[in-house]
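Structure at a glance
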Amino acid sequence: MESQHEDLSTPDKIREAYDSLTKEEEEVKKELDMLLSRHCQLDAKVRGITKVLPNLQVIHSDALQLSEMITFISTLAENVSAKVRQLDNARSRVSECQQRVHDLLDLQLCSDGVTAALSGDDYEKASAHVHRFLTMDQSLLEQTADDMQQDCATVSNSLSLLRNAAGQLQNIITLRFNEAVAADDLASVERFFKLFPLLNMHDYGLERFSAFLCSKLEATSLKNLRSAQKTSSSDKRANVIYADTLMLLFEEIARVVEIHQPLVETYYGFGKLFKVVSALQQECDKQSKLIIMEFSKQRLLERRVSMINEIERSTSQMNASGVVDPKEIDLLLGEITIMHSRYHLYLRFVRRRVTNDLEVGVPDVSERSDKQEKLDKMIHNSELCRRMQELLGVYLQLERFYMLQSVDKAVAMDTVEAGSTMSSMVDDVFFIVRKCIRRAASTGNLDGVCAVINNACAALETEVCPALKQQLRLGYPSGYLDLTQAYNVVMQGRLQPSDSEHARNTFLVYLNNADVSCEYVTTLCKGLCQEIPVASDQERAKLDSCLAGLGTVTASMGAIVDLGLQQLRVSAIKPRIAPWVDTFLTLSHHLTEEEFSSYEANEPFVRSLIANLDGLLSEFKNKLTPTNFDALVGILVTEVTGQMEKVVSKSEFNRLGGLALDKEVRSLVSYLNSATSWSVRDKFARLTQIATVLNLEKASEITDYWGSEAGSLPWRLTANEVRQFMALRTDFRSEDIRRLKL
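Residues numbered from 1 in each chain as written. Predicted model: local features only at pLDDT ≥ 70, side-chain atom pairs only at ≥ 80, totals over all residues. Heavy atoms only, no water.

As a further point, take the overall build of the chain. When helices and strands are tallied, the chain shows 27 helices and zero strands. Split into buried and exposed, the 742 residues of the chain put 41% on the buried side. Just so you have it, the chain exposes about 40,900 Å², and 53% of that area is on carbon and sulfur atoms. (Helix = DSSP H or I, 4+ residues; strand = E, 2+ residues; numbered from the N terminus. Buried < 20%, exposed > 50% of the residue type's maximum accessible area, 1.4 Å probe, protein only. Areas by Shrake-Rupley, 256 points an atom, 1.4 Å probe, with all protein chains shown as cover.)

This is how it looks when you write it as C-alpha cells:
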C-alpha cells in the first residue's frame, strides 16, 4: 500500500517500485507453494480429527460421571474422617484417664515401697520409687482424686509421704557418698553416684564425683612427684624423670576418663563428660604446675637461662662451653621435648573424647558449637597451657644456644681425613641442624619448629658460610701467579713448598664442602616438607614461608662455590691454558697437500693440547665432587674456546688449513665431552662455526649455511664476524667477501 503513495514521476523510481513488487510477488509465490506442499498432510490430519469427534462425546459423558463419583466419595471420606477424629479424641481421653489411674496406683505402690525399702536400707529400690514419683504430675494427681469425687486424703498422704521420703533419701545418699569418699571406698562411691540422677541431683552428683576423682588424681600425682625427687642420678631414666612424671599425670587423667566415661554416660546421659573433664583439667593445672616448678628447680633452668643471656649480651669472646655445658643442654632439651609431645598428645585425647560425647549427647548444632568453644577456651586459658608456652620459650632459647655452640664447635674442630674430599665440618654441622629441627618437630608446635628452622638458617649463614668463604678467599696456590694470592699466602706464612700442597688440598676440600652443603640444604628442605605435619593450608603456608629461608642459604652456598671456582679459574686454569693454546700461532695453517697429510697424521697442536688438558683435569678429578668437577670442566671449556678464538683470529688459513682446524675442533669437543657428564657442544658453538667458515671451498658457499642451523645449533656469529673470519682465508678475495648478502 505504501507504493501507492510513492513518487513515481521518474523512471528510476518506477523501476525501483517495479523491482520491489516483483520481489514481493516471488516471496508470496514461495509461501503459497509451501502451503500447497503441505496440503496432503493437512488433509490427513483433518480426516483423523473427523474420526475422533464421535469419541469426544463419549469421553465428555464419562468425565461427568467420574466427577459425580469423586464428589460422592469425597463427601463420604469427610464423614468418615470426622468420626475418626472423634474416636481419636476419645482414645486420647481414655489413655489420659488410664495414665491417671496408673499414676494413682503407682503412687500407692511407691508410697508403700519406699517405706519398706528405707527400713531395709535398700537405697537402690527406694531411689527407684522416688524417681517414679518425681516423674508424676503431682497437681494432676490431686485433681484426679477431686474429679472422681472421692476423699483425696489417701492421695495427699501418699504425696506427703513420698515428698518426705525424697528429702530424707537425698540426705542419706549424700551422707553415705561422703562417707564412702572419706573411706576411699570406690565401690560405694560408684554405688551412690549412680543414685543421684534418680533423685534429680545430676549436677550435685557430677560435682561431688568429679571432686572425688580429683582427690585421687592429686594423691597419685604427688606420689609420683615424690618418687621423682628421690630418683638417683645413676637411674637410666634420671635425665627424663620429670617428663615421665608429667606423662604419668596425663596418663592417669586418660585412665580416669576411659574408665568412668561409660558410667557417666549410662546414668547421667551423653553430653555430661565435659563437666567431669573440666574438673580434672583444673586439678591437672595444679599438679602440672608443681611438676614443672620442681623440674625448673632441679634442672637449674632459670640459672642456665640467665647465664646464656649473659653470654649472648657479653661483647667479649668468653668461652660459653666452659660456663654452660652443651651436653647438659642437650639432655635438658630432650626432656622438654618429651614434655611437649606428651602435652599435645594429652590435648588430642581430651578434645577427641569430649567432642565425641557432645556429638552424641547434644543434637543442636549451635549448642554443640558453644560447648566446643568452651572446651577450646578452657584448654587455652588453663594454667597447664600457660606453663607449657613458657617452657616452649625457654626451650627455643636453649635450642638456639645449643645449635650455635655446637655448630661453632664443629667448625672450630674441622678435620680432614686422609683420602677424603671433604672435611668433618659438613657432616657434623648438618647432623646438628637436622637433630635440632627434628627435635623441635617432635614437640608438635609448628611455631616452635619455624623458630628453630630460622635459627638453623642463621647458624649456617653466620658460622658456616663465613668459614667456607674465608678459606676460599685465600685462593688456590698454583705457582703464585696472581699477586693477590701471593700476598695472601705470604700473610698466612705459607712459603714452604710442603705447605703449598696442603694449601691446595685445603682449598679443594672447602670448595667441596660448599658444594655438598648446597646439596644438604636442598635435601633438608625437601625432607622437612614431608616430615613436618600440618593441619591446615594456613600452617602449610607458614611452613613454606619459613623453609624459604633455607633457599636463601642455598643461594649463599652457591655464591661461595662460584667464588671458589673463579679462584681456580684465575690461578689454575687461565695461566696454563694461554701458553698451551698460543702454540697454535707457531704453526703454519697455509698448508699444501703434503703438509696437510703430515699435519693430520701428527696433529702437533691438538694432541699436545689434549694431553695438557688431560693432565690438568687429572689433578682435580679425584679431589673434587662430581658437581664441582663438571663446573671446572665448564670453566676450562670456556677458557679454551675463548683463547682459541683469539689465536685463530691472529692466524691465516687456506682451504686445507681450515680443514685441519675443523678436525682439531672436533677432536677437542670429543675429548671434553668424554671428560664431563654433560655436553659441551653448546660452548663450542662459536668455535665450531668459525671452523665451518674457514673450511668453505668458496666464499659464496656461506650462503648455504647462513640463516640455517649449523650442526643443529643456531648461528652465534654475527654477519660482521663471519666476514672477519672469512678474511683470514688467503684464497678468498675481499671483493667476494664484501659482496656476500648476510
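Here we come to the nonpolar core. Counting residues in hydrophobic clusters, the biggest one holds 192 residues, and the most contacted among them are Leu398, Val429, Ile453, Leu568 and Met726. At 15 residues, the largest contribution of residues to this core is made by helix H14 (residues 383-412). With sequence-adjacent residues up to four places away left out, Ile453 is seen in contact with Ile437, Leu528, Ile532, Leu543, Cys546, Leu547 and Leu550. (Core = buried A, V, L, I, M, F, W, Y, C linked by side-chain atoms within 4.5 Å. Contact = heavy atoms within 4.5 Å.)

At Asn200, a residue that is not glycine, the phi angle is positive and equals roughly 60°. For Glu603, which is not glycine, the phi dihedral falls at a positive 45°. For Glu603, the location among the structural elements is in the loop between helix H20 (593-602) and helix H21 (606-621). Accessibility expressed as a relative area gives 27% for Glu603, which makes it partly exposed.

A word on the pattern of salt bridges. The full count for this structure, using the stated rule, is 34 salt bridges. In this structure, Glu390 engages Arg386 in a salt bridge whose closest nitrogen and oxygen atoms are separated by 2.7 Å. Taken together, the residues Glu390 and Arg386, both in helix H14 and four residues apart, mark about one turn of the helix. With its nearest N and O atoms 2.4 Å apart, the salt bridge here joins Asp682 to Arg716. Highlighted residues: Asp682 in the loop between helix H23 (655-675) and helix H24 (685-694) and Arg716 in the loop between helix H25 (702-705) and helix H26 (719-726), separated in sequence by 34 residues. In this structure Asp682 comes out as partly exposed when scored by relative accessible area, which is 42%. By relative accessible area, which is 33% here, Arg716 ends up partly exposed. The structure contains a network of salt bridges with shared partners spanning Asp330, Glu399, Lys435 and Arg439. (Salt bridge = Lys/Arg side-chain N within 4 Å of Asp/Glu carboxyl O.)

Another aspect to go through is the state of the cysteines. Scanning all chains against the criterion turns up zero disulfides. Cys518 forms no disulfide, and the closest cysteine sulfur to it belongs to Cys465, at a distance of 8.3 Å. For Cys518, a relative accessible area of 13% gives the class buried. (Disulfide = S-S within 2.5 Å.)

So, on to helix H8 (residues 241-268). With 28 residues, H8 should cover 40 Å at 1.5 Å per step; its first-to-last C-alpha distance of 39 Å lies within 8% of that length. Bending of H8 peaks at approximately 40° at the position of His260, with proline Pro262 no more than four residues after it. Two residues or fewer past H8, Gly269 is found with a positive phi of approximately 95°. (Expected span 1.5 Å × (residues − 1). Bend = angle between axes of the 7 residues up to and from the residue.)

Moving on, we get to the packing of aromatic side chains. Counted by the stated rule, this structure contains 14 aromatic pairs. Within the aromatic cluster, the residues linked to one another by ring pairs are Phe193, Phe209, Phe212 and Tyr268. A cation over an aromatic ring shows up here: Arg729 above the ring of Phe732, its NZ or CZ 4.1 Å from the ring centre. (Phe/Tyr/Trp six-rings, centres within 6.5 Å; stacked < 30°, edge-to-face > 60°. Lys NZ or Arg CZ within 6 Å of the ring centre and 35° of its normal.)

Attention now goes to the environment of Ser382. Mapped onto the fold, Ser382 is located in the loop between helix H13 (365-380) and H14. Residue classification places Ser382 among the buried positions, given a relative accessible area of 6%. Between the alpha carbons of Ser382 and Gln281 there is a distance of 7.8 Å; along the sequence they are 101 residues apart. Discounting residues that sit within four places of it in the chain, Ser382 has contacts with Gln281 and Asp285. In terms of polar contacts, Ser382 uses its side chain to reach the backbone amide nitrogen of Cys385, at 3.2 Å. (Polar contact = N/O pair within 3.5 Å; in protein donor to acceptor, adjacent residues only side chain to side chain.)

Looking now at a nonpolar patch on the surface. There is a patch of nonpolar side chains on the surface, built from Met69, Phe72, Ile73, Leu76, Val80 and Val84 and spanning about 590 Å² of accessible area. Inspection of the secondary structure puts Leu76 in helix H2 (residues 39-119). Judged by relative accessible area, which is 46%, Leu76 ranks as partly exposed. (Patch = residues over 30% accessible without salt bridge, like charges linked within 9 Å, V, L, I, M, F, W, Y side chains within 5 Å.)

A few words now on the environment of Met247. Here Met247 shows up in helix H8. With 98 residues separating them in the primary sequence, Met247 and Leu345 have C-alpha atoms 9.8 Å apart.

This part is about the environment of Leu632. You can see Leu632 is positioned in helix H22 (residues 626-649). Sequence-distant contacts of Leu632, that is, excluding residues within four places in its chain, are made with Leu565, Leu568, Ile573, Phe620 and Leu624.

This part is about helix H3 (residues 123-134). If you check H3, its first and last C-alpha atoms are 16 Å apart, about what 12 residues at 1.5 Å a residue would give, namely 16 Å. All of the buried residues along H3 are Tyr123, Ala126, Ser127, His129, Val130 and Phe133. Along the axis of H3, the buried positions cluster into a sector of 160°, meaning they face one direction only. (Arc of directions from axis to C-beta.)

Moving on, we come to the packing of helix H10 (residues 301-313) against H14. At a closest axis distance of 11 Å, the pairing of H10 and H14 adopts a crossing angle of 45°. The pairing of H10 with H14 is recorded here as oblique in orientation. Along this stretch, H10 crosses H14, giving a crossing that reads as left-handed. Contacts from Leu301, Val305, Ile308, Asn309, Ile311 and Glu312 of H10 reach H14 at Leu391, Val394, Gln397, Leu398, Arg400 and Phe401. Within the contact of H10 with H14, the residues separate by chemical class into eight nonpolar, two polar and two charged. (Axes fitted to C-alpha atoms, helices over the stretch in contact; angles between N-to-C directions. Parallel < 35°, antiparallel > 145°, perpendicular 65-115°, else oblique. Left-handed = near helix turned anticlockwise from the far one by under 90°. Nonpolar A, V, L, I, M, F, W, Y, C, P; charged D, E, K, R; others polar.)

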